[in-house]
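The residues making up each chain are set out below.
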Amino acid sequence: MKTVSLSPSGQSVPVAEGETVLQTLEKGGFALPSNCRAGTCGECKVRVLEGEVDQGFVMDMSLSQEERAQGYRLICVSQPISDNIVIEWGAADAAPKLFPPRENVLYLVVDKIQRTPRIVELHLMPLGEPMRFWPGQYVAIKAPNRSGQPRHYSLAKAPRPDGMLVLQITRVDGGITSTWLHEKVIIGATLPISGPYGAFIGDPKAETPVLCLAAGSGQAPILSLADAALRRGYRAPVTLLFSARTADDVYAQGQLAYWTHTHRNFKSLITLTREQRSGLLHGRIPDILPSLFPDLSAYSVFIAGSPAFSETCLAVVKRLGARDDLLHTEKFVDQHAPAKA
């Protein structure tokens, strides 16, 4: 049987037939960075120290020729060829911390709420054993009778005893899956859900102040992370800064207001980029952030939104002193152009 091993820890996981290196390690519980799961974003880039993998064709923008020569591969699309693959990841004490993903877990749509003109919220209840996940992770959904890869949607609530999943889905113009979920999926429908995936989970042992930056439905994993932290009694300051185009694009205000009233360490700020409203900030987050948080050296920073939003915010927070080991980003990549989600 083929195996994938981690260096320097020596941890090893057996490979099932047809699995990628990333799928193998996730099933073993290891939280390696990943996002698109299609070889386009470059998030899962790691160095292969021993053995050979087949990753097929990937673009230079995701993995340069120089990086390939240095042994780097995109493990989300890499399948082992050699009996043992050794990759460079983690420390000597690296240990599993993810719940193994499951495929096609059946859920029932018990509520469907139009949060904004472009964002619908689905409440899903399990029809069998609930999916276990960490706040900040995402799941995969595939429209029926469609070829290609499924689309990924972040979980917007922390794990609940009844197993409910909450998804906030942005409708993409021309998007097959998001249009289907917005227009065709009704209350009482069943959906096969796969997951959980992703390593946008932070460190539950951290005690630093927290700053969360989000735009659009990028607020979903941030809400999940904040929900979990506040429930477990997190005491350090937590600030959520959310960017929307107009007031009509702002959602979850009731939840944010409730947290503000019930947790003295929580604060939410909303900024609009295309209009001005009394009581709200105005301007893009990268432009207004330095005046709000001039020094981020002591903060854990979470960023979720489009690749352009995430990259711009990342550059700014680094200039403001944010530490690499306390930075967490979730980029919502258009996974398979030209099809859209």
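Now for a description of the structure that goes with this document. (Residues numbered from 1 in each chain as written. Predicted model: local features only at pLDDT ≥ 70, side-chain atom pairs only at ≥ 80, totals over all residues. Heavy atoms only, no water.)

## Considering unusual backbone geometry
Item 1. Here serine 7 and proline 8 are connected by a cis peptide whose omega angle stands at 20 degrees.
Item 2. Cis peptide bonds are those with omega within 30 degrees of zero, and the linkage from glycine 195 to proline 196 qualifies with 5 degrees.
Item 3. Within the element layout of this structure, proline 196 appears in strand β13 (residues 190-197).
Item 4. If you check the backbone angles, asparagine 104 has positive phi at about 55 degrees while not being a glycine.
Item 5. Note that asparagine 104 resides in strand β8 (residues 102-114).
Item 6. Notably, alanine 252 is not glycine yet its phi reads approximately 65 degrees, a positive angle.
Item 7. Along the chain, alanine 252 falls in the loop between β15 (238-244) and α5 (253-262). (Helix = DSSP H or I, 4+ residues; strand = E, 2+ residues; numbered from the N terminus.)

## Focus on the sheet that holds strand β1 (residues 3-7)
Item 1. With mixed pairing, five strands are arranged side by side in an open sheet as β2-β1-β7-β3-β5. Looking along the sheet, the strands with just one partner apiece sit at the ends: β2 (12-14) and β5 (72-74). Adjacent strand axes in the sheet meet at a mean angle of 35 degrees, parallel and antiparallel pairs treated alike.
Item 2. Sheet topology places β1 next to strand β7 (residues 84-88); five bridges connect them, and they run parallel. (Pairing = 2+ DSSP bridges. Axes fitted to C-alpha atoms, helices over the stretch in contact; angles between N-to-C directions.)

## Re the nonpolar core
Item 1. By size, the foremost hydrophobic cluster in this structure holds 27 residues, and its most contacted members are Ile222, Leu223, Leu240, Phe242, Trp259, Phe266 and Phe302.
Item 2. Of the residues forming this core, the biggest block, six residues, is contributed by helix α4 (residues 219-231).
Item 3. Discounting chain neighbours no more than four positions away, the residues touching leucine 240 are Cys212, Gln219, Ile222, Leu223, Leu256, Phe266, Lys267, Ser268 and Leu269. (Core = buried A, V, L, I, M, F, W, Y, C linked by side-chain atoms within 4.5 Å. Buried < 20%, exposed > 50% of the residue type's maximum accessible area, 1.4 Å probe, protein only. Contact = heavy atoms within 4.5 Å.)

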